[in-house]
Amino acid sequence: MYTRKNQRNLTSDQRTRFVKAVLEVKRLGRYDKYVSLHSRYFAADGESGLRVAHMAPTFFPWHRHFLIVFERELQLIDPGVSIPYWDWTRDSSASSKLWADDFMGGNGRSSDGQVMTGPFAYRNGGWPIVFGVTEERYLTRNLGRPDRPLKLPSAAELTGALAIATYDTAPWNSSPHTQGFRNRIEGWTVSDKAGGYLHNRVHQWVGGHMIGASSPNDPVFWLHHAFIDLIWVRWQRQHRTSRYLPDRPLGAKDPQHGRVISSNEPMPPFGVKPSAVFDHRHYYQYEEN
Ligand SMILES: [Cu+2]
């Protein structure tokens, strides 16, 4: 059992150790398989076949397991490291210490979006982009998207989404017909003006590589998804009688049959059932402050 901390409370030694472990996983050539795996499982509603990582109820359990696997990789390098979380309702500006030179590094420059400072700047040598849809070898960001400014979700917006007692609903995708907590947090329904787009809005706010299927190219991906994971924990705490849905396989006549994973069906590529990760306390705890 280990602890995931709010990134704002890390000591400078903890910040340095996290960064060092991430850079070492990259140097060993093991990082990019996480980028390609995330990309491979970024199936959309319109595609055929199974949806696992996104636009599906397994959004939470799939990412939980994905983070655990990556965290184990970090812990092979330094057993004292865990993934910190970024509470973007509090650390909501580009001047947050999250973006300092000893941690995630800064914004992209305006000409080409290239991140010029910090451990993940291409020019500092440790972070070539290998897997991605663009040609650029350098990490890019566009914090706050100044051309069409965007705000990170507020605490009130998060509270509103947490109040939804139903985990997920048919048709279990990203359409506005899918009501419920999962789609509201993942962020396909309810515009940002109406307090929605929560998880997706954070990807958009960071910009650059954080937008799209190969978003783990930016290490802030892990900190964002650790907070998404903590949000699931908070929802479970707040709604004791609610549970993951669907809790049994969809019938053969259901249009989503074969496309959505219920509680006790294995999630590719891990072969882990959502139910195996419902309780995060089997793995880690959160220090919430
Ligand atoms: Cu995400």
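Above this text sits the structure in question.
Calculation rules
Residues numbered from 1 in each chain as written. Predicted model: local features only at pLDDT ≥ 70, side-chain atom pairs only at ≥ 80, totals over all residues. Heavy atoms only, no water. Donors = N, O, S within 2.8 Å, 3.2 Å for Na, K, Ca; no water. Buried < 20%, exposed > 50% of the residue type's maximum accessible area, 1.4 Å probe, protein only. Core = buried A, V, L, I, M, F, W, Y, C linked by side-chain atoms within 4.5 Å. Helix = DSSP H or I, 4+ residues; strand = E, 2+ residues; numbered from the N terminus. Contact = heavy atoms within 4.5 Å. Polar contact = N/O pair within 3.5 Å; in protein donor to acceptor, adjacent residues only side chain to side chain.

Novice: Before we move on, can you summarise the coordination of the copper ion with the specific residues and values?
Specialist: The reference angle at a metal is 109.5 degrees if four donors form a tetrahedron and 90 or 180 degrees if six donors form an octahedron. At the metal site, the copper ion is ligated by His-199 (NE2), His-203 (NE2) and His-225 (NE2), and these contacts range over 1.9 to 2.0 Å. For His-199, a relative accessible area of 3% corresponds to the buried category. A relative accessible area of 8% places His-203 in the buried class.

Novice: Account for the nonpolar core, with residues named and values stated.
Specialist: Formed by 69 residues in total, the largest nonpolar core has its most connected members in Trp-86 and Trp-222. Contributions of two or more residues to this core are made by α1 (12–27), α2 (32–40), α3 (59–77), α4 (155–162), α5 (181–186), α6 (198–206), α7 (220–238) and β2 (284–287). Broken down by element, the residue count for this core peaks at 12 residues, all from α7. When neighbours within four sequence positions are excluded, Trp-86 is seen to be in contact with Gln-7, Asp-91, Leu-98, Trp-99, Leu-152, Val-202, Trp-205, Val-206, Val-220, Leu-223, His-224 and Phe-227.

Novice: Lay out the environment of Arg-64 with the relevant residues and their values.
Specialist: Turning to its location among the elements, Arg-64 is positioned in helix α3. Residues Arg-64 and His-199, spaced 135 residues apart in sequence, show a C-alpha to C-alpha distance of 14 Å. Sequence-distant contacts of Arg-64, defined by excluding residues within four places in its chain, comprise Asp-229, Trp-232, Val-233, Gln-236, Val-277, Phe-278, Asp-279, His-280 and Tyr-284. A polar contact is formed between the side chain of Arg-64 and the backbone oxygen of Phe-278, at a distance of 3.3 Å.

Functional significance is not addressed by these values, which are geometric in nature.
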